[in-house]
Amino acid sequence: MRRFLRDNGLSLFFLVAFLLALGGQSIAGNADYNARQLTEGGAPISWVSYVTSSDFAVNVAENWQSEYLQFLLYIMITVWLVQRGSPESKKPGEQGRESDEEQKVGPHAEPDSPAWAKATGLRRTLFANSLGLVMGTIFVLSWLAQSVAGTANYNSEQLAQLQDPVTWLGYVGSADFWNRTLQNWQSELLAVLSMVVLSIYLRQRGSPESKPVGVPHQATGIEG
Amino acid sequence: MRWGAVAPPVAVVTIVALASLTGCASGEAPTAQRAAERFYSAVHAGQGEAACGLLTPRAAEDLPLGGESCAEAVLRARLPAADRPRPQAAPTQVWGDEAQVRLSGDTVFLHRFSRGWLVRAAGCTPRGEQPYRCEVGS
């Protein structure tokens with residue numbers, strides 16, 4: 001047990017932190033929703049009703065889609081673009097998908113390589129792109145969930161304000177949908193930009209996301 | 001950057017959220033419609049107290065003018081003759097705890113409370129992009 005915790009501490013920390021934050025969001029969101037209901041002459045709802053409501057779903061989904069988009073973009077774009085001096089980047093000149101030998105696939109696979117790295121055809125292609133495919137799929141599903149939950153939430157607010165509801169297509173073209181979407185995208189893109197650029201010049205001793213403290217600013221692709 | 005381990009249940013949760021949200025409104029439409037029809041039946045029968053009992057607390061509170069009661073005010077309000085679903089009209093819309101019912105001569109807005117659907121606004125006429133103008137509720 002102790003060894004399991006030590007070997008998986010990073011994943012477990014973020015899993016627990018995620019659940020705590022999601023629980024906190026549901027409690028704060030329920031209180032905020034009920035305050036709005038009282039203002040509009042409606043009725044407060046229970047926590048269980050709130051966590052199955054479109055209000056909670058759209059607020060969760062809009063953040064999920066932007067996070068997965070952020071990681072998807074980073075995974076895919078760093079194949080082709082580099083940033084000199086950044087530990088987040090490959091070295092200049094190494095852009096591209098790299099050779100089978102460098103990627104240790106097919107005949108270049110090692111005895112302990114994953115089975116699908118040794119395979120040929122579709123299985124190898126799928127495995128070689130599996131991280132991007134899964135992250136991309138989750139991004140699309142989350143964005144779709146945001147649009148559906150957003151439609152329900154927007155229409156609930158429209159009716160409470162004595163206005164007509166809209167269709168899903170109408171909502172996807174609405175200012176509310178794009179305001180929610182772009183306000184999340186801009187913050188994620190800024191965070192990635194900051195990480196790429198600041199990690200050229202700044203260090204965090206002991207972190208694998210940083211270059212070792214004594215490595216020169218120009219050194220690229222070296223993680224601590 | 002080592003970001004590989006991401007929780008797969010995210011996709012499952014997303015699909016569940018989608019499924020639950022797309023189907024959430026359908027079962028409540030007839031109930032909301034019946035509540036709107038009961039309100040109009042009470043008004044047309046001159047039963048002001050009963051009609052006020054079908055209004056949301058906010059609508060019932062805001063309706064009376066001067067010293068009149070809600071029962072007097074709801075019968076005084078210039079509500080159209082409307083007590084049955086409008087043929088070929090847009091179907092009843094239910095989103096979350098809000099509903100819009102289109103009757104033969106009116107559009108009615110309702111809110112769902114623990115004791116059922118209550119009329120938030122009635123006698124409503126559209127104003128384009130602006131909220132409906134309503135004789136009862138606002």
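These figures come from a predicted structure and were not determined experimentally. (Residues numbered from 1 in each chain as written. Chains lettered and ligands numbered in written order. Predicted model: local features only at pLDDT ≥ 70, side-chain atom pairs only at ≥ 80, totals over all residues. Heavy atoms only, no water.)

1. A look at the overall build of chain B
Under the convention used in this document: In this description a helix means any DSSP run of H or I spanning at least four residues, a strand means any run of E spanning at least two, and both kinds are numbered starting from the N terminus. Between buried and exposed lies partly exposed: a residue is buried under 20% and exposed over 50% of the maximum accessible area for its type, with that area taken using a 1.4 Å probe on protein chains only. In what follows, residue pairs with any heavy atoms lying within 4.5 Å of each other are defined as contacts. Only the protein chains shown count as cover for residues, and all accessible areas are computed by the Shrake-Rupley method using a 1.4 Å probe.
Looking only at helices and strands, chain B has five helices and five strands in total. Shown N-terminal to C-terminal, the secondary structure of chain B runs as helices and strands in the order α-α-α-α-α-β-β-β-β-β. Counting over 138 residues, chain B shows a buried share of 43%. In chain B, the share of contacts with a sequence separation of at least 24, taken over all contacts with a separation of at least 6, comes to 43%. By element, 54% of the accessible surface of chain B is carried by carbon and sulfur atoms, the whole surface being about 7000 Å².

2. Considerations on the interface of chain A and chain B
Rules: Note: buried area is the sum, over both parts, of the accessible area (probe 1.4 Å) each one loses when the two are combined. By definition here, a salt bridge exists when the distance from a side-chain nitrogen of Lys or Arg to a carboxyl oxygen of Asp or Glu is within 4 Å. Residues adjacent in sequence count toward polar contacts only when both atoms are side-chain atoms; beyond that, a polar contact is any pair of N or O atoms within 3.5 Å, and within protein one must be able to donate a hydrogen and the other to accept it.
Taken residue by residue, the interface counts 42 residues in chain A and 34 residues in chain B. Where chain A abuts chain B, roughly 3200 Å² becomes buried across the two surfaces, and 68% of that area is made up of carbon and sulfur atoms. On the surface where chain A and chain B come into contact, there are one salt bridge. Taken together, chain A and chain B are joined by ten residue pairs in polar contact (both at pLDDT 80 or more).

3. Section: the nonpolar core
The following threshold applies: Residues belong to a common nonpolar core when they are buried Ala, Val, Leu, Ile, Met, Phe, Trp, Tyr or Cys residues joined through side-chain atoms within 4.5 Å.
By size, the foremost hydrophobic cluster in this structure holds 29 residues, and its most contacted members are B:Phe39, B:Leu55, B:Val74, B:Leu79, B:Val108, B:Leu110 and B:Ala122. Only helix H2 (29–44), helix H3 (48–53), helix H5 (70–76), strand E2 (98–103), strand E3 (106–113) and strand E4 (116–127) of chain B provide two or more residues apiece to this core. In terms of residues, this core owes the most to one element, H2(B), which gives eight residues. Beyond its immediate chain neighbours, meaning those up to four positions away, B:Leu55 contacts B:Phe39, B:Ala60, B:Leu63, B:Cys70, B:Val74, B:Arg115, B:Leu118, B:Val119 and B:Val136. Membership of the second largest hydrophobic core comes to 13 residues, among which are A:Tyr33, A:Val60, A:Tyr68 and A:Phe139.

4. Quick look at the packing of helix H8 (residues 130–160) of chain A against helix H10 (residues 175–201) of chain A
Residue and element names in this part refer to chain A. To keep things clear, this is the line we draw: Under this scheme, a helix contributes an axis fitted over its contacting stretch, all axes are lines through C-alpha atoms, and angles between N-to-C directions fall in the 0 to 180 degree range. Roughly parallel means an angle under 35 degrees; roughly antiparallel, over 145; roughly perpendicular, 65 to 115; everything else is oblique. By definition, any crossing whose near helix is turned counterclockwise from its far helix by less than a right angle is left-handed, and any crossing with a clockwise turn is right-handed.
One way to put it is that H8 packs onto H10 with a least axis distance of 10 Å and a crossing angle of 140 degrees. For the element pair H8 / H10, the angle class is oblique. Judged by the sense of rotation from one axis to the other, the crossing of H8 with H10 is right-handed. Contact residues: Phe139, Trp143, Gln146, Ser147, Asn153 and Tyr154 in H8; Asp176, Phe177, Trp178, Arg180, Thr181 and Trp185 in H10.

5. Concerning the sheet that holds E2(B)
The following threshold applies: When DSSP locates at least two bridges between a pair of strands, those strands are taken to pair.
Strand order in the open sheet formed by five strands is E1-E2-E3-E4-E5 (chain B), and the pairing between neighbours is antiparallel. Taken across any chain shown, the strands that pair with only one partner, and hence form the sheet edges, are strand E1 (93–95) and strand E5 (130–136) of chain B. On average, each strand axis in the sheet is inclined to that of its neighbour by 30 degrees, with strand direction left out of account. For E4(B) and E5(B), the ladder comprises four bridges, and the chain directions are antiparallel. What sits directly across from B:Thr125, in E5(B), is B:Arg133. Relative to E1(B), H8(A) is tilted by about 115 degrees, and along the sheet it contacts E1, E2, E3 and E4 of chain B.

6. Some points on a nonpolar patch on the surface
Residues and elements named next belong to chain A. The cut-off we apply is this: Within this analysis, patches are made of residues with over 30% relative accessible area and no salt bridge. Like charges are joined at 9 Å or less; nonpolar side chains (Val, Leu, Ile, Met, Phe, Trp, Tyr) at 5 Å or less.
A cluster of nonpolar side chains, Leu73, Met76, Ile77, Trp80, Leu81 and Leu189, forms an exposed patch at the surface whose accessible area comes to about 590 Å². Element by element, the count of residues in the nonpolar patch is highest for helix H4 (residues 54–80), at four residues. On the secondary structure map, Leu73 appears in helix H4. Residue classification places Leu73 among the partly exposed positions, given a relative accessible area of 31%.

7. Some remarks on the environment of B:Pro64
All names here are of chain B. Inspection of the secondary structure puts Pro64 in the loop between helix H4 (57–62) and H5. Put simply, Pro64 and Ala77 are 13 residues apart on the chain and 9.6 Å apart in space, counted from C-alpha to C-alpha. The residues contacting Pro64, other than those within four sequence positions of it, are Ser69, Cys70 and Ala73.

8. Observations concerning the domain arrangement of chain A
Residue and element names in this part refer to chain A. Note the threshold: Per the annotation, domain bounds derive from an automatic or database assignment of domains.
Split by domain assignment, chain A resolves into domain 1 (1–52) and domain 2 (60–92 + 131–224). Domain 1 and domain 2 are separated by 21 Å when their C-alpha centres are compared. Taken together, the contacts link five residues of domain 1 with four residues of domain 2. Approximately 320 Å² of surface area, both sides summed, lies buried where domain 1 meets domain 2, with 51% of it carried by carbon and sulfur atoms. Between domain 1 and domain 2 we count zero salt bridges in total. The interface formed by domain 1 and domain 2 contains zero residue pairs in polar contact (both at pLDDT 80 or more).

9. Here's the deal with the pattern of salt bridges
All names here are of chain A. In total, this model carries 15 salt bridges over all chains according to the counting rule given. Residue Lys90 pairs with Glu98 through a salt bridge whose shortest N-O separation is 3.0 Å. Lys90 sits in the buried class, given a relative accessible area of 19%. Since its relative accessible area comes to 34%, Glu98 is described here as partly exposed. One connected set of salt bridges, linked through shared partners, spans Arg3, Arg6 and Asp7.

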